[in-house]
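What follows is each chain in one-letter form.
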Amino acid sequence: MTETSPRETSAPVGFWARLADNDLLVDFLGNRLVLISSVLLLVLLAASLLAPWIAPTNPYDPLSLDIMNSSLPPVWQADGDAQFLLGTDDQGRDMLSAILYGLRISIIISALGVAVAAVVGITLGVVAGYFGGVVDAVIMRIADIQLSFPAILVALLVDGLLHSMIPSISRENSASWVIIISIGLSFWVQYARTIRSSTMIEQKKDYVSAARLFGLPDVAIMVRHILPNVMGPILVILTINFGLAIITEATLSYLGVGLPPMQPSLGTLIRTGQEFLFSGEWWTVAFPGIALAVLVLTINLLGDWLRDALNPKLR
């Protein structure tokens with residue numbers, strides 16, 4: 001009778017063990033581009049979350065607005081005002097404050113949307129990979145159908161369906177949750193397909209067979225034994241999808257099917273600012289656009305580094 005090696009009976013080195021590897025910290029600190037991107041991302045996240053306390057004004061408080069301050073250029077131009085570093089829009093709102101509040105809303109909505117996508121995708125992926133057969137076929141065919149459409153079209157479809165089911169009187173109050181669900185249902189497929197493949201490999205290993213022999217129910221085996229060992233790629237997907245979710249939310253708001261003007265995201269700011277672009281008020285579009293580009297770029301750079309750093313074949 002041949003002996004089974006410990007490598008064959010034990011679970012593989014998990015995601016968190018690789019994440020805690022000291023070599024990752026050395027690699028991170030030695031990569032100047034990723035380090036700068038991470039610092040910028042932390043600054044943007046902190047500034048957005050602390051917007052109510054650090055923004056010069058509350059740009060959406062009607063009592064703080066003065067129409068006499070409308071359409072002021074940035075401070076370094078001839079007609080600029082030191083009180084408004086990045087200028088003001090047509091309603092006299094401080095652009096710096098508006099961008100900070102817009103960042104806050106965009107980040108929170110996108111993060112919640114990615115969380116919904118991860119929960120749905122991971123759950124369906126583990127179920128499909130563990131049970132196989134008809135369950136796997138149905139879930140994967142739904143995923144294949146969704147992959148045939150761009151994510152933004154899926155988000156527009158879900159957004160339209162949800163809005164049609166919500167009474168018009170409550171649409172503005174529910175706009176944030178509609179976008180969150182739209183983003184979540186647009187990005188679950190990548191999680192499901194990745195987790196399914198890993199689950200199909202893990203559920204054939206000896207530690208899963210041993211769990212079955214002990215009489216553990218399927219749900220306990222999937223949650224306690226398989227799930228921790230298939231989470232390796234998830235952080236990378238989460239990071240990259242976070243950037244895509246921010247772009248999707250901005251696109252929906254830019255197209256006018258996202259957040260209302262009184263709940264401004266970066267996409268809303270760009271949409272309202274472009275109406276005055278040809279009248280010379282370039283700052284109402286340029287600064288929100290730059291903030292959006294820098295935010296997504298820093299997230300993508302961090303995601304690319306995580307993808308390479310957490311891949312054991314490249315280490």
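Residues numbered from 1 in each chain as written. Predicted model: local features only at pLDDT ≥ 70, side-chain atom pairs only at ≥ 80, totals over all residues. Heavy atoms only, no water.

1. Topic: the overall build of the chain
For the chain, the count of helices and strands is 14 helices and 0 strands. When the helices and strands of the chain are placed in sequence order, the string is α-α-α-α-α-α-α-α-α-α-α-α-α-α. Per-residue burial for the chain yields a buried fraction of 43% across its 315 residues. Contacts in the chain between residues at least 24 apart in sequence constitute 71% of all its contacts with a sequence separation of at least 6. Carbon and sulfur atoms provide 67% of the accessible area of the chain, an area that totals close to 16500 Å². (Helix = DSSP H or I, 4+ residues; strand = E, 2+ residues; numbered from the N terminus. Buried < 20%, exposed > 50% of the residue type's maximum accessible area, 1.4 Å probe, protein only. Contact = heavy atoms within 4.5 Å. Areas by Shrake-Rupley, 256 points an atom, 1.4 Å probe, with all protein chains shown as cover.)

2. Quick word on the pattern of salt bridges
As enumerated under the stated definition, the model contains 5 salt bridges in all. Ionic pairing is found between R193 and D144, a salt bridge with its closest N-O pair at 2.9 Å. Highlighted residues: R193 in helix α9 (residues 171–202) and D144 in helix α7 (residues 133–147), separated in sequence by 49 residues. According to the relative accessible area criterion, R193 is partly exposed, its value standing at 37%. Here D144 falls in the partly exposed class, since its relative accessible area comes to 31%. (Salt bridge = Lys/Arg side-chain N within 4 Å of Asp/Glu carboxyl O.)

3. Topic: the UniProt feature "transmembrane region" (unreviewed entry) in the chain
Cross-referencing UniProt, the feature "transmembrane region" (unreviewed entry) maps to residues 33–55, 105–135, 147–169, 175–195, 234–257 and 282–306 in the present numbering. In residues 105–135, the share of helix is 97% and the share of strand is 0%. The end C-alpha atoms are 37 Å apart. In the segment residues 175–195, helix accounts for 100% and strand for 0%; the C-alpha atoms at its two ends are 31 Å apart. (UniProt positions renumbered as here; feature names shortened; annotations may be inferred.)

4. What about the layout of surface pockets?
Taken as a whole, the second largest pocket holds about 260 Å³ of empty space. Considering the residues around the second largest pocket, the lining is formed by 20 residues, among which Y60, D89, Q91, R93 and T272 are closest to the centre. Looking at which element gives the most residues to the lining of the second largest pocket, the answer is helix α13 (residues 266–274), with 4 residues. Here the residues of the lining of the second largest pocket sort into 10 nonpolar, 5 polar and 5 charged. (1 Å grid on protein atoms, 1.4 Å probe; cavity = no way out; pocket = protein on both sides within 12 Å on 5 of 7 lines; lining within 4 Å. Points joined across faces, edges and corners; volume = space filled by probe spheres on them. Nonpolar A, V, L, I, M, F, W, Y, C, P; charged D, E, K, R; others polar.)

5. Brief notes about the side chain of S106
Mapped onto the elements, S106 comes out in helix α6 (residues 95–131). A distance of 3.2 Å separates a polar atom in the side chain of S106 from a polar atom in the side chain of E249. In terms of polar contacts, S106 uses its side chain to reach the backbone amide nitrogen of L266, at 3.2 Å. Aside from chain neighbours lying at most four places away, what touches S106 is I246, E249, S265 and L266. (Polar contact = N/O pair within 3.5 Å; in protein donor to acceptor, adjacent residues only side chain to side chain.)

6. Structural notes on the packing of helix α10 (residues 206–213) against helix α11 (residues 218–226)
Helix packing geometry: the angle between the two helix axes and the distance between the axes. Interhelical geometry of α10 versus α11 gives an angle of 140 degrees and a closest axis separation of 11 Å. Judged by the twist between their axes, the crossing of α10 over α11 is right-handed. On the side of α10, the interface is formed by Y207, V208, A211 and R212, while α11 contributes I221, H225 and I226. (Axes fitted to C-alpha atoms, helices over the stretch in contact; angles between N-to-C directions. Left-handed = near helix turned anticlockwise from the far one by under 90°.)

7. Structural notes on the packing of aromatic side chains
Given two aromatic rings, their pairing is described by the distance between the two centres and the angle made by the two planes. For the coordinates displayed, the defined rule picks out 4 aromatic pairs. A ring pair is formed by W282 and W283, whose centres lie 5.8 Å apart and whose planes are at 85 degrees; its orientation type is edge-to-face. Residue classification places W282 among the partly exposed positions, given a relative accessible area of 32%. For the ring pair W282 and F287, a centre distance of 5.6 Å and an interplane angle of 55 degrees mean the geometry is tilted. Feature note: the residues W76, W282, W283 and F287 constitute an aromatic cluster, connected by ring pairs. (Phe/Tyr/Trp six-rings, centres within 6.5 Å; stacked < 30°, edge-to-face > 60°.)

8. Focus: a nonpolar patch on the surface
A grouping of L49, L50, W53, I54, I108, L112 and W177 is seen on the molecular surface, where their side chains present a nonpolar patch of about 740 Å² in accessible area. Every element with two or more residues in the nonpolar patch is listed here: α5 (51–54) and α6. Mapped onto the elements, L112 comes out in helix α6. By relative accessible area, L112 is classed as partly exposed at 36%. (Patch = residues over 30% accessible without salt bridge, like charges linked within 9 Å, V, L, I, M, F, W, Y side chains within 5 Å.)

9. Concerning the side chain of N241
With respect to the helices and strands, N241 occurs in helix α12 (residues 234–254). Discounting chain neighbours no more than four positions away, the residues touching N241 are V114, F187, Q190 and Y191.

10. Focus on the confidence of the model for the chain
Averaged over every residue, the pLDDT of the chain is 82; residues scoring 70 or more account for 89%. Overall, residues 1–13 carries pLDDT values under 50, and its contacts beyond four positions in sequence, including any with other chains, amount to 13 contacts. (pLDDT = per-residue confidence, 0-100.)

11. What to know about the packing of α6 against α12
Interaxial distance between α6 and α12 falls to 9 Å at its minimum, and their mutual angle equals 130 degrees. With respect to α12, the axis of α6 lies oblique. The hand of the α6/α12 crossing is right-handed. Along its contact with α6, which presents S106, I107, I109, S110, A111, V114, A118 and I122, the element α12 presents I234, L238, N241, F242, A245, I246 and E249. Split into classes, the residues belonging to the contact of α6 with α12 amount to 11 nonpolar, 3 polar and 1 charged. (Parallel < 35°, antiparallel > 145°, perpendicular 65-115°, else oblique.)

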